[in-house]
Amino acid sequence: MRAVPLAAALVLAVGLSACSSPAADVLAADTSTAAASAPAGIPQGAADLPAPPGVLPAPAQRTPGPAVTEDTAAAGPATPSPAAPARSSDTHMDPAATDVVVNKRRPLVPVDFAPSGLRQPDVATATDNGLLRPDTATAVEEMFAAASADGVGLVLVSGYRSYANQESTYAYWVGQYGDQAGADTVSARPGHSEHQTGLAFDIGQADGACTLVSCFAGTAAARWAAENAAEYGIILRYPLRSDGTTGFSAEPWHFRFVGRDVSLAMQDAGTRTLEEHFGLPAAPSY
Ligand SMILES: [Zn+2]
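All values derive from a computational prediction rather than experimental measurement.

Here we come to the pattern of salt bridges. Within this structure, the stated rule accounts for seven salt bridges. Between Arg133 and Asp135 there is a salt bridge, with its nearest N and O atoms 2.6 Å apart. Put simply, Glu194, Arg237, Arg256 and Glu275 are held in one network by salt bridges that share partners.

So this is what it looks like as structure tokens:
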């Protein structure tokens, strides 16, 4: 399964957003040079492209101090302090709740939150980093089984990503671009990645077609998932033409467990983003 993400990574380097798997991490090593030399080739709004593990600095070499400082230092006035947001569930700030909304203006609180009970769902995977919350893992198993019954092969490409992992990834991209503005085009800042909740995951097609690149939207896997995910409490989190709301370009591979109450309500109402559905402010930027 690794050969395909590697090839896909080359495509990423020339202009596609992604939040990819460890397999694609390997590829990112190949793409880093191109990405660093041609940041304009990667569209604004790209989500959380991982850095290659072999290229990342050792932890002791990383800039000391939490990425929270980076977040707050670079944040505009509209960006909330990680310590400030309310925690009540009705504001969708509880990182352990399925209705939490994480975006460029809504960091996880606490910023280094880690979900409990993570497990690897019993599905085909293209990654060794497919851990998900138990409720999400169960939903993924049901969704993938249903797809298979319909003759569509799905694979899990990426799941939970820790704060520390995202911190390393973001630091890597800051180093590659030389500043946060460049890094922000390819990587979510630590504490702002939905993958840190354990509720988000990336899918691929079983044959590896267009893994983590925009042409995935045209695959049978993407179409099936977009049409059927709601039945399993899952939504497409970054749909087309919603970057002004979500802050991210379309990612036809990135899905998010929200529970059936929310997913079916969104389907019935025709709302395309969590921000819109819950009446939360748009988050086009940090
Ligand atoms: Zn993702």
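Moving on, we get to the nonpolar core. Met143, Phe144, Leu154, Phe201, Ile203, Trp224 and Ile234 are the most contacted members of the largest nonpolar core, which has 33 residues in total. Of all the secondary structure elements, the ones that give two or more residues to this core are helix H4 (134-149), strand E1 (154-158), strand E2 (200-205), helix H7 (220-228) and strand E4 (254-257). For this core, the leading source of residues is H4, giving seven residues. Among all residues touching Phe144, those that are not within four sequence positions of it are Val123, Ala124, Leu154, Val155, Leu156 and Ile203. Core analysis: the second largest hydrophobic core is formed by seven residues, Val101, Ile235, Val258 and Leu274 among them.

Across the five residues of E1, five count as buried, placing the element largely inside the fold. Two strands pair when backbone bridges link them, and E1 and E2 are joined in this way by four bridges, in the antiparallel orientation. When the bridges of E2 are listed, Leu156 appears paired with Ile203.

Reading the values: the criteria
Residues numbered from 1 in each chain as written. Predicted model: local features only at pLDDT ≥ 70, side-chain atom pairs only at ≥ 80, totals over all residues. Heavy atoms only, no water. Salt bridge = Lys/Arg side-chain N within 4 Å of Asp/Glu carboxyl O. Core = buried A, V, L, I, M, F, W, Y, C linked by side-chain atoms within 4.5 Å. Buried < 20%, exposed > 50% of the residue type's maximum accessible area, 1.4 Å probe, protein only. Helix = DSSP H or I, 4+ residues; strand = E, 2+ residues; numbered from the N terminus. Contact = heavy atoms within 4.5 Å. Pairing = 2+ DSSP bridges.

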